[in-house]
Amino acid sequence: MGELLAGNLGLAGLAVPDDFDDDPPAALLAALADRTGVDLARIQGMTLAGWRPWLLDTVEAPDTQAAFDAYVRAYSVLLAPRTGGAGQVARYQTWRGPWRPRHRHDRTCPVCAALPDRGRTLLGRLPLMVGCGEHGCRLQDTVTVQLEMAVHGRPPAPVAVPEPLATLDRYTHQALLSGRVNLPGRDVHAGVWFRLLRTLVHELSLAPGTMGRREGRTLELVWQSSGHPVRAGLRLWQPYEHLPWGTQETMLHAAAVPLQLATDGRIAARGVLGAAIQPAPWRQVYAGDPPSRYRAVWLDAAAAAQTMLDHARTDRASARQVLAVLTKGRPHRAVHEREIAFLQRNSVPAGFLPDADELDLSFPVDLREGTGQPGAEAARR
């Protein structure tokens, strides 16, 4: 590592961090961007620190209980507010924050591993997804995949992720790619989705007997529908990040079940964020009056206007009457000139309408409408 930093990147004397994936020094990221030509923002996105505040609040050691309450227990999904149990994470001093596992594991997509110039995804080290969001197949142990590639020249056969877990992975993948998630109830920001999912996993880790009857029945129905034991077999509560990967996968599968149950109307998500995972209830909206009624009125008015214009084209008195209707309540020369021009454009003979001399007699000291200036003829005088 020292030779890489000093000889290849010109960073002699730079302290080697324990884990480059967490929060590498800014000088290291700048050197990598300079030597590789890869955009600095993209390199930052290859680290956990680059995903603040979407995925996690901090990469430093958090104030455990305060950080847990702010990220996991500030809201609720399935359970009514303030019924989600205490979740005393303070006694787990090694808790590093949400989504950062205590037991290190590294998984990769077998399809991605066979593609040239494709690296390993950072998410393969986090208990956030079961499958590859791009190919929909299960992430497998990285060492196993690499051995298969070395011995047989090909990766292991991909294994599809079943529903509804595949839908949950698609939501997470969508959050990572676009920054938003299209949930059944409404669209949410990626930061809201990660906290919603972590809150949901926490609620499913609680014992149904420690809460109200209604909330307890909801949790029991979710676990029964998932086909797994209640709380994934946990006897003593501990944070999700401290569970082995097999139990974490079961928890993610259980978290996918209520999304389907809420969509089907079999459960009601009573939490603050519960409305996002279930379709909005149907509401009666006034459909408006039948369009035929207004269409008939409009057609009658259009026909009457056309009849008036037809008479004005052949009869001087009718033309004067139409002009009087158009200028009614607006005794200004500018208005009369505008409407006379309109009638002339619609084939009403100029001889049927007032000329300049007649308008001069009608408006000897006229003020043009809205201008406060004398009329043209008055100005000439």
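Use the structure listed above.
The structure presented is a predicted model; accordingly, all values stated were derived computationally and were not measured.

**Q** What am I meant to see in helix H12 (residues 316–326) here?
**A** Regarding H12, the residues found buried are Ser-318, Ala-319, Val-322 and Leu-323. Buried residues in H12, looked at end-on, bunch into an arc of 140°, giving them a common side. Along H12, the residues that are exposed and aim more than 90 degrees away from the buried face are Ala-317 and Gln-321. One side-chain oxygen of the residue at the start of H12 lies 3.3 Å from the amide nitrogen of Ala-317, identifying that residue as Asp-315.

**Q** Sorry if this is basic, but what is going on with the packing of aromatic side chains here?
**A** For any two aromatic rings, the description comes down to two numbers: the centre-to-centre distance and the angle of the planes. Taken as a whole, this structure holds five aromatic pairs when the rule is applied. Consider the rings of Phe-68 and Trp-237, whose centres lie 6.0 Å apart with planes at 80°: the pair is edge-to-face. Taken together, the residues span a long stretch of sequence, with Phe-68 in helix H4 (residues 64–71) and Trp-237 in the loop between helix H9 (213–226) and helix H10 (245–263) at a distance of 169 residues. Using a relative accessible area of 10% as the deciding quantity, one classes Trp-237 as buried. Centroid distance Tyr-171 to Trp-193: 5.6 Å. Interplanar angle 70°. Geometry classified as edge-to-face. Taken together, the residues span a long stretch of sequence, with Tyr-171 in helix H7 (residues 165–178) and Trp-193 in helix H8 (residues 190–204) at a distance of 22 residues. Each member of the aromatic cluster is reached from another via a ring pair, and the members are Phe-68, Trp-95 and Trp-237.

**Q** For this particular structure, what's the right way to read the side chain of Glu-215?
**A** Along the chain, the position of Glu-215 falls in helix H9. Under the relative-accessibility criterion, Glu-215 is labelled buried at 8%. Excluding residues within four positions of it along the chain, Glu-215 makes contact with Leu-79, Ala-80, Thr-83 and Arg-270.

**Q** Any chance you could explain unusual backbone geometry here in plain terms?
**A** The bulk of non-glycine residues show a negative phi, and the bulk of peptide bonds are trans. In this chain, Arg-52 is followed by Pro-53 through a cis amide linkage whose omega measures -5°. With respect to the element layout, Pro-53 can be found in the loop between helix H3 (40–44) and H4. The omega torsion of the bond from Glu-163 to Pro-164 falls at 0°, within 30 degrees of zero and hence cis. Tracing the backbone shows Pro-164 in the loop between helix H6 (142–152) and H7. In this model, Trp-99 sits at a positive phi of 70°, which is unusual for a non-glycine residue. With respect to the secondary-structure elements, Trp-99 resides in the loop between H4 and strand E1 (107–108). Its identity is not glycine, yet Ala-232 carries a phi of approximately 55°, on the positive side.

**Q** Got a minute to help me understand the pattern of salt bridges in this structure?
**A** Side chains bearing opposite charge may pair, as long as their charged atoms lie close to each other. Applying the stated rule across the entire model yields 14 salt bridges. Note that Glu-215 and Arg-270 form a salt bridge whose closest N and O atoms lie 2.3 Å from each other. With Glu-215 in helix H9 and Arg-270 in the loop between H10 and helix H11 (291–312), this residue pair connects regions lying 55 residues apart in the sequence. You can call Arg-270 partly exposed: its relative accessible area is 34%. Between Glu-358 and Arg-320 there is a salt bridge whose closest N-O contact spans 2.8 Å. Here Arg-320 lies in helix H12 and Glu-358 lies in helix H14 (residues 356–362), a separation of 38 residues in the sequence. Exposure remark for Glu-358: the relative accessible area of 29% places this residue in the partly exposed category. Looking at Arg-320, the relative accessible area reads 22%, which means it is partly exposed. Shared partners join several salt bridges into a network, and the residues in it are Asp-22, Arg-96 and Arg-100.

Reading the values: rules and limits
Residues numbered from 1 in each chain as written. Predicted model: local features only at pLDDT ≥ 70, side-chain atom pairs only at ≥ 80, totals over all residues. Heavy atoms only, no water. Buried < 20%, exposed > 50% of the residue type's maximum accessible area, 1.4 Å probe, protein only. Helix = DSSP H or I, 4+ residues; strand = E, 2+ residues; numbered from the N terminus. Arc of directions from axis to C-beta. Polar contact = N/O pair within 3.5 Å; in protein donor to acceptor, adjacent residues only side chain to side chain. Phe/Tyr/Trp six-rings, centres within 6.5 Å; stacked < 30°, edge-to-face > 60°. Contact = heavy atoms within 4.5 Å. Salt bridge = Lys/Arg side-chain N within 4 Å of Asp/Glu carboxyl O.

Limitation: the analysis is restricted to geometry and does not speak to function.
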